Amino acid sequence: MNLQVELEHRRNVLITRLRGELDHHTSEIVRIQLDEAIQRGQVNHVVLSLSELTFMDSSGLGVILGRYKQIKGRGGKLAVCDLNPAVRRLFELSGLFKIMHVYDNERQALLGLEDVS
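Given the structure is predicted, the values throughout are model-derived calculations rather than measurements. (Residues numbered from 1 in each chain as written. Predicted model: local features only at pLDDT ≥ 70, side-chain atom pairs only at ≥ 80, totals over all residues. Heavy atoms only, no water.)

### Structural notes on helix 2 (residues 58–73)
The periodicity of an α-helix, 3.6 residues per turn, causes residues three or four positions apart to be oriented the same way. What counts, and what does not: Where helices and strands are cited, they refer to DSSP runs of H or I of at least four residues and of E of at least two residues respectively, numbered from the N terminus. Take the residue count of a helix, subtract one, and multiply by 1.5 Å to get its expected span. Only protein chains enter the accessibility calculation, which uses a 1.4 Å probe; a residue is then buried when its area is under 20% of its type maximum, exposed when over 50%, and partly exposed in between. Pairs of N or O atoms are called polar contacts if they sit within 3.5 Å, as long as, within protein, a hydrogen donor faces a hydrogen acceptor (for residues adjacent in sequence, only side-chain-to-side-chain pairs).
An ideal rise of 1.5 Å per residue puts 22 Å on 16 residues; helix 2 measures up with 22 Å between its terminal C-alpha atoms. Within the sequence span of helix 2, burial applies to Gly 60, Leu 61, Val 63, Ile 64, Arg 67, Tyr 68, Gln 70 and Ile 71. Near the N-terminus of helix 2, the side chain that reaches the backbone nitrogen of Ser 59, with its oxygen 2.9 Å away, is that of Asp 57. Just downstream of helix 2, Gly 75 is the residue with a positive phi angle, here 85 degrees.

### A look at empty space enclosed by the protein
Gaps left between atoms are located by rolling a probe of water-molecule size over the structure's atoms. Rules: In this analysis the probe radius is 1.4 Å and the grid spacing 1 Å, with only protein atoms considered; a cavity is a set of points the probe fits into but cannot get out of, a pocket is an open set with protein on both sides within 12 Å along at least five of seven lines, and lining residues have an atom within 4 Å of a point. Grid points are joined across faces, edges and corners, and a volume is the space filled by probe spheres set on the points. Residue polarity follows a fixed list, in which Ala, Val, Leu, Ile, Met, Phe, Trp, Tyr, Cys and Pro are nonpolar, Asp, Glu, Lys and Arg are charged, and the others, Gly among them, are polar.
Considering all chains together, one arrives at one cavity of 30 Å³ or more under this definition. Along the walls of the largest cavity sit Leu 18, Leu 22, Val 30, Leu 34, Leu 48, Val 63, Ile 64 and Arg 67, which together make up its complete lining. For the lining of the largest cavity, the secondary-structure elements that each account for two or more residues are strand 2 (13–22), helix 1 (27–40) and helix 2. For the lining of the largest cavity, the leading source of residues is helix 2, giving three residues. Classifying every residue of the lining of the largest cavity gives seven nonpolar, no polar and one charged.

### Points about the environment of Lys 72
The topology assignment puts Lys 72 in helix 2. Taking the C-alpha atoms as reference points, Lys 72 and His 24, separated by 48 residues in sequence, lie 24 Å from one another.

### Looking at the packing of aromatic side chains
The test is simple: Centre distance within 6.5 Å is the pairing criterion for rings of Phe, Tyr and Trp, where only the six-membered ring of Trp is used; planes under 30 degrees apart are then read as stacked, over 60 as edge-to-face, and the remainder as tilted.
For the structure on display, the rule yields one aromatic pair. Ring geometry for Phe 91 versus Phe 97: centroids 5.7 Å apart, planes at 25 degrees, classification stacked. Overall, Phe 91 belongs to the buried group, its relative accessible area being 0%.

Listed below in structure tokens is the structure:
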């Protein structure tokens with residue numbers, strides 16, 4: 001049950017860096033932190049940077065899908081970046097790549113979101 005969440009606001013983008021394991025033990029914590037940050041700030045888009053995410057299960061996918069729907073409902077975009085092979089495979093199997101923008105790194109994700117703003 002080890003997860004660290006780092007949140008950074010850049011203009012109208014919330015960058016979220018996850019380190020550790022996003023599973024049924026930690027998914028509710030992430031959901032609450034993201035929901036509060038989105039509601040509190042001037043957030044149009046979210047970037048999930050997952051380079052240090054070592055494990056994710058279906059609970060984690062649920063949190064990500066829920067934030068995708070929340071941001072999309074506000075007219076924004078959710079992008080993911082820096083996926084390790086195991087997490088990338090989970091995204092592929094779940095079909096999330098079909099609805100979310102995926103980038104190699106945070107810089108590309110931010111540039112990609114500027115193009116859709």
